Amino acid sequence: MIPQEIIRRKRDGEELAAADIVSFIEALAAGRLSEGQIGAFAMAVWFKGMSRAETVALTLAMADSGDRLEWADIDRPIADKHSTGGVGDNVSLMLAPIVAACGLAVPMISGRGLGHTGGTLDKLESIPGYTITPDAALFRKVVKEAGCAIIGQTGALAPADGRLYAVRDVTATVDSIPLITASILSKKLAAGLQTLVLDVKVGNGAFMPDRDQAEILARSLVEVANGAGVKTSALITDMNEPLADSAGNAVEMRNCLDFLAGRKKDTRLDTVVLAFAAEMLVKSGVAASSDEGERMARQVLSSGKAAEVFARMVSMLGGPSDLIENPDRYLAKAPVEKPVPAARSGWLAACDARGIGVGVIDLGGGRRHPADRIDHRVGFSELLPLGSRVNAGDPIALVHAADEAAAERAAAALAAHYRIAEEKPQLAPVIAGLV
Ligand code: URA
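Computed from a predicted structure; not experimentally measured.

Structural notes on unusual backbone geometry
Residues apart from glycine generally show negative phi values, whereas peptide bonds are mostly found in trans.
Part 1: Phi at Ala158 takes a positive value of approximately 40°, unusual for a residue other than glycine.
Part 2: A relative accessible area of 1% means that Ala158 is categorised as buried.
Part 3: Positive phi values are uncommon outside glycine, yet Ala172 reaches one of about 55°.
Part 4: Inspection of the secondary structure assignment puts Ala172 in the loop between helix H8 (159-169) and helix H9 (177-190).

Here it is, written out as structure tokens:
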């Protein structure tokens, strides 16, 4: 296999044979390709796209680049959810324990931040002691005993995606339908799932800003996954503003802990978490209807059962057992906190969610290079939702920064990402469709 020949053929718009894709991915997983070659391949795919047959071959080759898990010893449905990536999107952190508390088993293999979007793993690493790379035996034990385990790709699971993902993150090659499809589904196929529900984001903070592209991505994901034997559906959800009221790592973890403990009612986040819980419970055959699924999810939230599952997962994976009760004891705080004042009076009518995600990277909460270390303490919290009425000078968010200069810069940039209008805006529903 001559990598540059495969790259050239893709660059020139040829359809690659499955055997070429398999050889390329084997070489990638074995560390025989340079970052330059991986980046060039990703960029060629970005420009020329892939047929459905190529996308299936890429997905299967990446899934087969490592181990495939089996869960024969667990008698609950094996289910998972994955998002195409958003800003302030911490849904997985709450959803996994909620549906686990309702009877599903959730072995969730998550990713790091990608492009301007945050990553579940980076958020989990704001918990001191939490290991995102347990060995296979511990992973299995946590799924079995706690009901869910959210971990990272180990070298053993879809390692080809791990390498490709790190290069895409810093080469502007994330927003490609075949690459997103293969990336998400290779991890999910390797994890041995029976059912999967996908969150395909649409809007200015998503990789697919327009609705048509989001639907094409949703169909690509749903068809390839169902074709590979995993019962899959996708909800298309709005990403024209951060979903939680926070964007960053420790701040989104804090938001999750408050949500699970019932200390916070966040309507957009509430809607999305409950809709996904219901869809997962219905798809897995545990609830007869969405209404029943939603009722079950609300019940485990209000009874504290979902919080207990989360606490168990965290402590089994090395984190503190009282994290939910005492978040301030464990989540590191940034040295500088600065409110961002509204530039004038009116209604928060629109924001640049992508710009807010880039703002987190600028503060040090995301990566510019695959090897960068990130600062888990930084980001934005108390982001007011669109549709809020503000007076000039009212805080629209709180910046968490490593120093004064970074806080000043981030506050000015954040304020510029919001449009304040005289009229109350008409906002799109947060759940935009089901595929
Ligand atoms: N999430 C993934 O795991 N991969 C992508 O390419 C995008 C979102």
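Thoughts on the domain arrangement of the protein chain
Part 1: Annotation of the protein chain at the domain level lists domain 1 (3-49), domain 2 (79-327) and domain 3 (333-421).
Part 2: If you average the C-alpha positions of domain 2 and of domain 3, the two centres end up 24 Å apart.
Part 3: Each partner contributes to the roughly 1800 Å² buried at the junction of domain 2 and domain 3, and carbon and sulfur atoms together form 58% of this total.
Part 4: Counting across the domain 2 and domain 3 interface gives one salt bridge.

Focus: the site of the ligand
Part 1: As a matter of local geometry, the ligand sits amid His82, Ser83, Thr84, Leu114, Tyr165, Arg168, Ile180, Ser183, Ile184 and Lys187.
Part 2: Measuring from an oxygen atom of the ligand, one finds a side-chain N or O atom of His82 at 3.0 Å.
Part 3: With respect to the ligand, the side chain of Ser183 contributes an N or O atom lying 2.6 Å from a nitrogen atom.
Part 4: Calculation on the ligand without its partners gives an accessible area of 230 Å², and the protein chains cover 97% of this total.
Part 5: Going through the elements one at a time, strand S1 (79-83), H8 and H9 are the ones with two or more residues in the shell around the ligand.
Part 6: Per-element tally for the shell around the ligand: the top contributor is H9, with four residues.
Part 7: Considered class by class, the residues forming the shell around the ligand number four nonpolar, four polar and two charged.

A short note on the UniProt feature "domain: Pyrimidine nucleoside phosphorylase C-terminal" (unreviewed entry) in the protein chain
Part 1: Mapped onto the present numbering, the UniProt feature "domain: Pyrimidine nucleoside phosphorylase C-terminal" (unreviewed entry) falls on residues 347-421.
Part 2: In this annotation, residues 347-421 is assigned 35% helix and 28% strand; the end-to-end C-alpha distance for the span is 5 Å.

As for the nonpolar core
Part 1: Ranked by internal contacts, the top residues of the largest apolar core, which has 123 residues, are Ile98, Phe310 and Met313.
Part 2: Two domains share this core, each providing at least three of its residues, namely domain 2 (79-327) and domain 3 (333-421).
Part 3: Sequence-distant contacts of Ile98, that is, excluding residues within four places in its chain, are made with Phe259, Val273, Ala277, Ala297, Val300, Leu301 and Ala306.
Part 4: Ala27, Leu33, Phe41 and Val167 belong to the second-largest nonpolar core, a separate cluster that totals 23 residues.

Some remarks on H8
Part 1: In terms of burial, H8 is largely enclosed, as eight of its eleven residues are buried.
Part 2: Looking only at H8, the buried set comprises Pro159, Ala160, Asp161, Leu164, Tyr165, Val167, Arg168 and Asp169.
Part 3: Where H8 is buried, its residues touch helix H2 (18-29), helix H3 (35-48), helix H4 (52-63) and H9.

With respect to the environment of Pro3
Part 1: Secondary-structure assignment places Pro3 in helix H1 (residues 3-11).
Part 2: A relative accessible area of 12% means that Pro3 is categorised as buried.
Part 3: Separated by 24 residues in sequence, Pro3 and Ala27 have C-alpha atoms that sit 8.6 Å apart.

Things to note about the side chain of Ser126
Part 1: Positionally, Ser126 belongs in the loop between helix H6 (120-124) and helix H7 (136-146).
Part 2: Given a relative accessible area of 8%, Ser126 falls into the buried group.
Part 3: There is a polar contact of 2.4 Å between the side chain of Ser126 and the backbone oxygen of Lys123.
Part 4: Leave out the neighbours within four places in its chain, and Ser126 touches Asn249, Ala250, Met253, Tyr330, Leu331 and His376.

Thresholds applied
Residues numbered from 1 in each chain as written. Predicted model: local features only at pLDDT ≥ 70, side-chain atom pairs only at ≥ 80, totals over all residues. Heavy atoms only, no water. Buried < 20%, exposed > 50% of the residue type's maximum accessible area, 1.4 Å probe, protein only. Helix = DSSP H or I, 4+ residues; strand = E, 2+ residues; numbered from the N terminus. Domains from an automatic or database assignment. Buried area = accessible area lost by both parts, 1.4 Å probe. Salt bridge = Lys/Arg side-chain N within 4 Å of Asp/Glu carboxyl O. Near = heavy atom within 4 Å. Polar contact = N/O pair within 3.5 Å; in protein donor to acceptor, adjacent residues only side chain to side chain. Areas by Shrake-Rupley, 256 points an atom, 1.4 Å probe, with all protein chains shown as cover. Nonpolar A, V, L, I, M, F, W, Y, C, P; charged D, E, K, R; others polar. UniProt positions renumbered as here; feature names shortened; annotations may be inferred. Core = buried A, V, L, I, M, F, W, Y, C linked by side-chain atoms within 4.5 Å. Contact = heavy atoms within 4.5 Å.

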